[in-house]
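Residue strings, one per chain:
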Amino acid sequence: MSTPEDVGAPRTEQVRSLARGLAVIRSFDAQHPQQTLADVARATGLTRAAARRFLLTLAEEGYVRTDGRLFTLTPRVLELGWSYLSAMGLPEIAAPHLERLVATVRESASVSVLDGDPHTGYDVVYVARVPTSRIMTVTITIGTRFPAWATSMGRVLLAALPPATLDSYLGALEPAALTAHTVSTPEQLRTELDRVRTDGHCVVDQELEAGLRSVAVPVHDRAGRVVAAANVSTHASRNDADGLRADILPELRACAAAIEADLRAAG
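Residues numbered from 1 in each chain as written. Predicted model: local features only at pLDDT ≥ 70, side-chain atom pairs only at ≥ 80, totals over all residues. Heavy atoms only, no water.

A. Examining unusual backbone geometry more closely. For Arg-106, which is not glycine, the phi dihedral falls at a positive 60 degrees. Assignment of secondary structure puts Arg-106 in the loop between α6 (90-105) and β4 (108-117). Here Arg-106 falls in the exposed class, since its relative accessible area comes to 66%. Here the phi dihedral of Gln-206 falls at roughly 60 degrees; this positive angle occurs in a residue that is not glycine. The residue Gln-206 is located in the loop between β7 (202-205) and β8 (212-220) in this model. Given the relative accessible area of 15%, Gln-206 is considered buried. (Helix = DSSP H or I, 4+ residues; strand = E, 2+ residues; numbered from the N terminus. Buried < 20%, exposed > 50% of the residue type's maximum accessible area, 1.4 Å probe, protein only.)

B. Quick peek at the packing of aromatic side chains. This model, assessed by the stated rule, comprises 2 aromatic pairs. Ring centres of Tyr-126 and Phe-146 lie 5.9 Å apart, and the angle between their planes is 80 degrees; on these two criteria the pair is classed as edge-to-face. Residue Tyr-126 is located in strand β5 (residues 121-130), and its partner Phe-146 is located in strand β6 (residues 145-147); the two are separated by 20 residues in the primary sequence. Grouping residues by exposure puts Tyr-126 and Phe-146 together as buried. Geometry around Tyr-63 places Arg-76 over its ring, the cationic atom sitting 5.2 Å from the centre. (Phe/Tyr/Trp six-rings, centres within 6.5 Å; stacked < 30°, edge-to-face > 60°. Lys NZ or Arg CZ within 6 Å of the ring centre and 35° of its normal.)

C. Main features of helix α3 (residues 37-44). Turning to α3, its buried residues are Leu-37, Val-40 and Ala-41. Axial view of α3: buried residues confined to an arc of 100 degrees, hence all on one face. Seen from the buried face of α3, the exposed residues on the opposite side, beyond 90 degrees, are Arg-42 and Ala-43. Immediately beyond the C-terminal end of α3, within one or two residues, lies Gly-45, with a positive phi of roughly 80 degrees. (Arc of directions from axis to C-beta.)

D. View of the nonpolar core. Grouped together as the largest cluster of nonpolar side chains are 30 residues, with contacts concentrated most on Leu-90, Val-111, Val-215, Val-232 and Ile-259. If you list the elements that add at least two residues to this core, you get α6, β4, β5, β8, β9 (226-235) and α10 (241-266). A per-element tally of this core places α10 first, with 9 residues. Ranked by size, the runner-up nonpolar core spans 28 residues in total, among them Trp-149, Cys-202, Val-204 and Ala-216. (Core = buried A, V, L, I, M, F, W, Y, C linked by side-chain atoms within 4.5 Å.)

E. Expanded view of the sheet that holds strand β1 (residues 34-36). Overall, antiparallel pairing links the 3 strands, which are arranged β1-β3-β2 in an open sheet. The two strands at the open ends of the sheet, each matched to only one other strand, are β1 and β2 (64-66). Direction aside, neighbouring strands of the sheet carry axes that sit 35 degrees apart on average. Relative to strand β3 (residues 70-73), β1 runs antiparallel, the two being bridged by 3 bridges. The partner of Thr-36 across the bridge, within β3, is Leu-70. Against the sheet, α3 contacts β1 and β3, and its axis sits at roughly 90 degrees relative to β1. (Pairing = 2+ DSSP bridges. Axes fitted to C-alpha atoms, helices over the stretch in contact; angles between N-to-C directions. Contact = heavy atoms within 4.5 Å.)

F. A look at the pairing of β3. When β2 meets β3, the two strands line up antiparallel, connected through 3 bridges. Across the sheet, the residue bridging to Val-64 is Leu-73, located in β3. With antiparallel pairing between neighbouring strands as the criterion, β2 and β3 make up a hairpin whose turn holds 3 residues, including Gly-68 at a positive phi of roughly 105 degrees.

G. How the structure looks around the pairing of β9. With 7 of 10 residues buried, β9 lies mostly within the body of the structure. Summarising the sheet, β4 and β9 pair through 5 bridges and their orientation is antiparallel. Residue pairing in the sheet places Ser-110 in a bridge with Asn-231 of β9. Where β8 lies against β9, 9 bridges are found, and the strand directions are antiparallel. Counted as the bridge partner of Val-219 is Ala-228 from β9. The hairpin formed by β8 and β9 contains 5 residues between the paired strands, and Gly-224 there has a positive phi angle of roughly 90 degrees.

H. Representation of the sheet that holds β4. In spatial order, the strands read β6-β5-β4-β9-β8-β7; together these 6 strands make up an open sheet with antiparallel pairing. Two strands in the sheet have a free side with no partner beyond their single neighbour: β6 and β7. Across the sheet, the axes of successive neighbouring strands diverge by a mean angle of 30 degrees, strand direction being ignored. The sheet contact formed by β5 and β6 spans 3 bridges and is antiparallel. Bridge assignment links Val-125 to a residue of β6, and that residue is Arg-145.

Spelled out as structure tokens, the structure:
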């Protein structure tokens, strides 16, 4: 319920304060799990006084802890993302199907959603995952992000964007060559997305990381909209691209269909 102070406060000031608080949270990552006040101020562009106010507020709310010098996030920040995931229902629905898929193909499987906009770019965000052996130099967990244009799930999701949105995204995109195999121009990516749209699946061969191959398919809601993507990832030494299509893609399609059926049943 709004208070008189809420009603009278400038809307722009409320939004700016929220954005700054979120920036403070985002300044902590795998490379910076612990930070001093000066570190946070530098990473966010805030003054030390402002950074201190946000950190102390977050500490009071239980999202940050401090020993008086170093600040770290607490597990409570997971609640922020879990509220979204719980509302989706997708992680709980997908998990048992991914487990059966992994038991069959003996490779890691994941489900992700698209996050971002055409101007700042799109990422895939992992919302469900069942790993086998580790095949990447980074550890993938729930919430892990990768640039959508360089991943099989990302391309499946990008291919489902409305044409005007996709045009805006490709017009602003400046893809980087992550490996020697990476599609490195918007024109090449558009060609790939056209192929994905026609084929109904995407194979990415060592474009995100050398030695990593993956295949992905869309996951639709009850209205037929693409709401997520599912993939299987493997080391290049175990499966070539043709093997992914011949042996793993049919199992992945069946997994996606089972997830879709449960999504329909869940409403």
